[in-house]
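Structure at a glance
Listed here are the chains, written in short residue letters.
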Amino acid sequence: MNILYIAYSCDPYNGSEDKLGWNIPLEAAKSHNVFVLTKAAHKKNIEKYCNENETGNIQFYYADIKRIYKKIFKPPFYSGRLNIWHKAALPIAKRICDENGISIIHQIAPVEFRSIGKYYKIGNAKFVCGPIAGGQKVPKALLDYTKPKRYIETLRAVINGFYKLKFIAQKTESKCDCLMFANYETKEYLKANENSIVLSDTAIKDDELGSAGQAGNEGKPFTFLIVSRFTKTKGFNLLFDALKRLPKACDYRLNIIGYGEEGNTIKTLFLNDEALKGKVSFLGRIPFKKMSLQYSCANALVFPSFREATGSVILEAMAHGLPVITLNHCGGKVLCSDENSYLFDGKTKEDYINSLSKILLHCIQNPNEVLKKGENAIIHAEAFTFEKKVNTYTDIYTGLLKG
């Protein structure tokens, strides 16, 4: 099978979306003829990796856009940059298809419903897109936490509304031979076909599967880990409020890994609070390759993000034997269950704070249960390797080609 992957994000040395855009084609190249179209900024790292490693039957092509567009289209307008790139990539994709007899075009990493390329216009190839996200939003009860930048959520809702109308008016779903969704919120937001596939967009490599990380932490304070960018929607303030409600005698630690525009504000919030002194550590930005050690030093991952599409860190933590404490919506709802994680919800801000605080306390008081859930998390994560993800995609491709 000749497959063309459209992967704007595709870097062999990074995590998150770059990790997906790189490893899916790499795995597919073991049994198919694979072609990858990505942004020019990745060329140096891709060529370095290919010169030093065996990559199978895979070829890379690059598209670029003017620097001015990269400066203008930053979050929350990032979709504008992606759409401009897709316009530049479309004629290159058509040439690749014509010259190599491509039967499947699959747009991956990242895929927002606001930036679906018009690769369906290329004849003689089936167009697969997704899993897509972008339709999820911050629960109303938690909007107060987004201040003073709540206008970003309002602006995002306006932008989403525009692209939703465009998505429906242009009948984008019907033009895709297969459109997958990363979470139920996006599927419902776009009023998609009831039979549309909801499939997690993240995956892990086989060598990321390990033993229960917290098994070696007996006798030490219970350690929570949070890995996230420092922004208003990542739930740091919610976590702070929940921790404040724990009994002062609770013996625990919280390791925070991340970076971002809200870094100084978040550090001040946690480090200046008398009740949390000595319990919270900021470890800065840690390279993806060194994260395994951090997972092994923790007992559970806290992921309180308000509107995450999925969150690759969820699956990475589970693969290392950590149960995940997260909201019961978006990616957490798709990836996690009561057998391997702790999901919380609420109707009011107080509900969310109390629910999270109770779970944190429960974990501290029941380390054996946490360990058991961590063991289940590893078993669950085994179903999300890149090999199994590509096998799922291959079944979809084969079904499309058979009509």
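Before reading further, recall that the structure is shown in the block above.
First, a word on what this report is: a plain description of the structure on this page.

Section: the sheet that holds strand E3 (residues 58-63)
Strand order in the open sheet formed by seven strands is E3-E2-E1-E4-E5-E6-E7, with parallel pairing between adjacent strands. Each of the sheet's edge strands pairs with one partner strand only, and the pair in question is E3 and strand E7 (197-198). The pairing of strand E5 (residues 126-132) with strand E6 (residues 178-181) spans three bridges and is parallel. If you follow valine 128 over to E6, its bridge partner there is cysteine 178. Those strands touched by helix H4 (residues 78-100) are strand E1 (2-7), strand E2 (33-39), E3 and strand E4 (104-108), and its axis lies near 145° from that of E2.

A look at helix H14 (residues 367-381)
In an α-helix there are 3.6 residues to a turn, and that puts residues three or four apart on one side. The end-to-end C-alpha distance of H14 is 21 Å, a good match for the 21 Å that 15 residues give at a rise of 1.5 Å each. Listing the buried residues of H14 in full gives Val370, Lys373, Gly374, Ala377, Ile378 and Ala381. Projected down its long axis, H14 shows its buried positions confined to an angular sector of 150°, all on one face. Across H14 from its buried face, at more than 90 degrees, point the exposed residues Asn368 and Ile379. Looking at the buried side of H14, the elements it contacts are strand E8 (222-227), strand E11 (300-303), helix H11 (312-319), strand E13 (341-344) and helix H13 (349-365).

Quick look at the pattern of salt bridges
In the structure shown here, the tally under the stated rule is 19 salt bridges. A salt bridge links lysine 19 to glutamate 208; the shortest N-O distance between them is 2.8 Å. Here the residue lysine 19 occupies a position in helix H1 (residues 16-28), and glutamate 208 occupies one in the loop between E7 and E8, the gap between them amounting to 189 residues. In terms of burial, lysine 19 and glutamate 208 fall into one category: buried. In the salt-bridge network here, residues are joined through shared partners; they are Lys149, Lys232, Glu261 and Glu262.

Thoughts on the packing of helix H8 (residues 236-244) against helix H9 (residues 263-271)
Their axes nearest at 11 Å, the elements H8 and H9 cross at an angle of 0°. With respect to each other, H8 and H9 are oriented roughly parallel. Of the residues in H9, those touching H8 at Phe236, Asn237, Phe240 and Leu243 are Ile266, Leu269 and Phe270. Tallied by class, the residues present in the contact of H8 with H9 amount to six nonpolar, one polar and no charged.

Concerning the side chain of glutamine 294
Summarising the element assignment, glutamine 294 is placed in helix H10 (residues 291-296). Look at glutamine 294 and you get buried, because its relative accessible area is 16%. Apart from residues lying up to four places away in sequence, glutamine 294 is in contact with Leu225, Ile257, Leu283 and Ile286.

Describing the sheet that holds strand E9 (residues 252-257)
Across a sheet, paired strands are connected by hydrogen bonds in the backbone, their directions being either parallel or antiparallel. The strand order across the open sheet formed by six strands is E10-E9-E8-E11-E12-E13, and the pairing between neighbours is parallel. Of all strands in the sheet, those bounded by a partner on one side alone are strand E10 (280-284) and E13. Each strand of the sheet is rotated relative to its neighbour by a mean of 25°, with strand direction disregarded. The sheet contact formed by strand E12 (residues 324-327) and E13 spans four bridges and is parallel. By the bridge assignment for E13, isoleucine 325 is matched with tyrosine 342. Strand contacts of H9: E9 and E10, with the helix running at about 155° to E10, the strand carrying the most contacts. The strands touched by H13 within the sheet are E8, E9, E11, E12 and E13, with E13 carrying the most contacts at an inclination of about 160°.

Structural notes on the nonpolar core
Among soluble globular proteins, nonpolar side chains are generally buried collectively. Ranked by internal contacts, the top residues of the largest apolar core, which has 40 residues, are Phe224, Leu243, Leu254, Ile256, Phe270, Ile325 and Leu360. For this core, the element with the most residues is H13, which contributes seven residues. Leu37, Leu82, Cys129 and Ala192 belong to the second largest nonpolar core, which has 35 residues in total.

Quick notes on the pairing of E8
Among the six residues of E8, six are classified as buried, and the element is accordingly described as predominantly covered. The sheet contact formed by E8 and E9 spans six bridges and is parallel. Across the sheet, phenylalanine 224 pairs through a bridge with leucine 254, a residue of E9. After leaving E8, the chain enters H8 and then returns to the sheet as E9, a path that is right-handed. The pairing of E8 with E11 spans two bridges and is parallel. Counted as the bridge partner of phenylalanine 224 is alanine 300 from E11.

Description of the packing of aromatic side chains
For any pair of aromatic rings, the description consists of the separation of the ring centres together with the inter-plane angle of the planes. Throughout the structure, instances matching the rule amount to 18 aromatic pairs. For the ring pair tyrosine 120 and phenylalanine 127, a centre distance of 6.2 Å and an interplane angle of 55° mean the geometry is tilted. Judged on exposure class, the residue tyrosine 120 and its partner phenylalanine 127 are both buried. Taken together, a centroid distance of 6.2 Å and an interplanar angle of 65° make the contact between phenylalanine 224 and tyrosine 252 edge-to-face. One end of the pair, phenylalanine 224, is in strand E8; the other, tyrosine 252, is in strand E9, and 28 residues separate them in sequence. Neither phenylalanine 224 nor tyrosine 252 differs from the other in exposure class; each is buried. Among the aromatic residues, ring-to-ring pairing joins Phe230, Phe236, Phe240, Phe270 and Phe282 into one connected group. One Lys or Arg, arginine 285, reaches over the ring of tyrosine 259 and ends 3.8 Å from the middle of that ring.

Calculation notes
- Residues numbered from 1 in each chain as written.
- Predicted model: local features only at pLDDT ≥ 70, side-chain atom pairs only at ≥ 80, totals over all residues.
- Heavy atoms only, no water.
- Pairing = 2+ DSSP bridges.
- Helix = DSSP H or I, 4+ residues; strand = E, 2+ residues; numbered from the N terminus.
- Contact = heavy atoms within 4.5 Å.
- Axes fitted to C-alpha atoms, helices over the stretch in contact; angles between N-to-C directions.
- Expected span 1.5 Å × (residues − 1).
- Buried < 20%, exposed > 50% of the residue type's maximum accessible area, 1.4 Å probe, protein only.
- Arc of directions from axis to C-beta.
- Salt bridge = Lys/Arg side-chain N within 4 Å of Asp/Glu carboxyl O.
- Parallel < 35°, antiparallel > 145°, perpendicular 65-115°, else oblique.
- Nonpolar A, V, L, I, M, F, W, Y, C, P; charged D, E, K, R; others polar.
- Core = buried A, V, L, I, M, F, W, Y, C linked by side-chain atoms within 4.5 Å.
- Right-handed = clockwise from strand over helix to strand, strands pointing away.
- Phe/Tyr/Trp six-rings, centres within 6.5 Å; stacked < 30°, edge-to-face > 60°.
- Lys NZ or Arg CZ within 6 Å of the ring centre and 35° of its normal.

Structural measurements only, silent on function.
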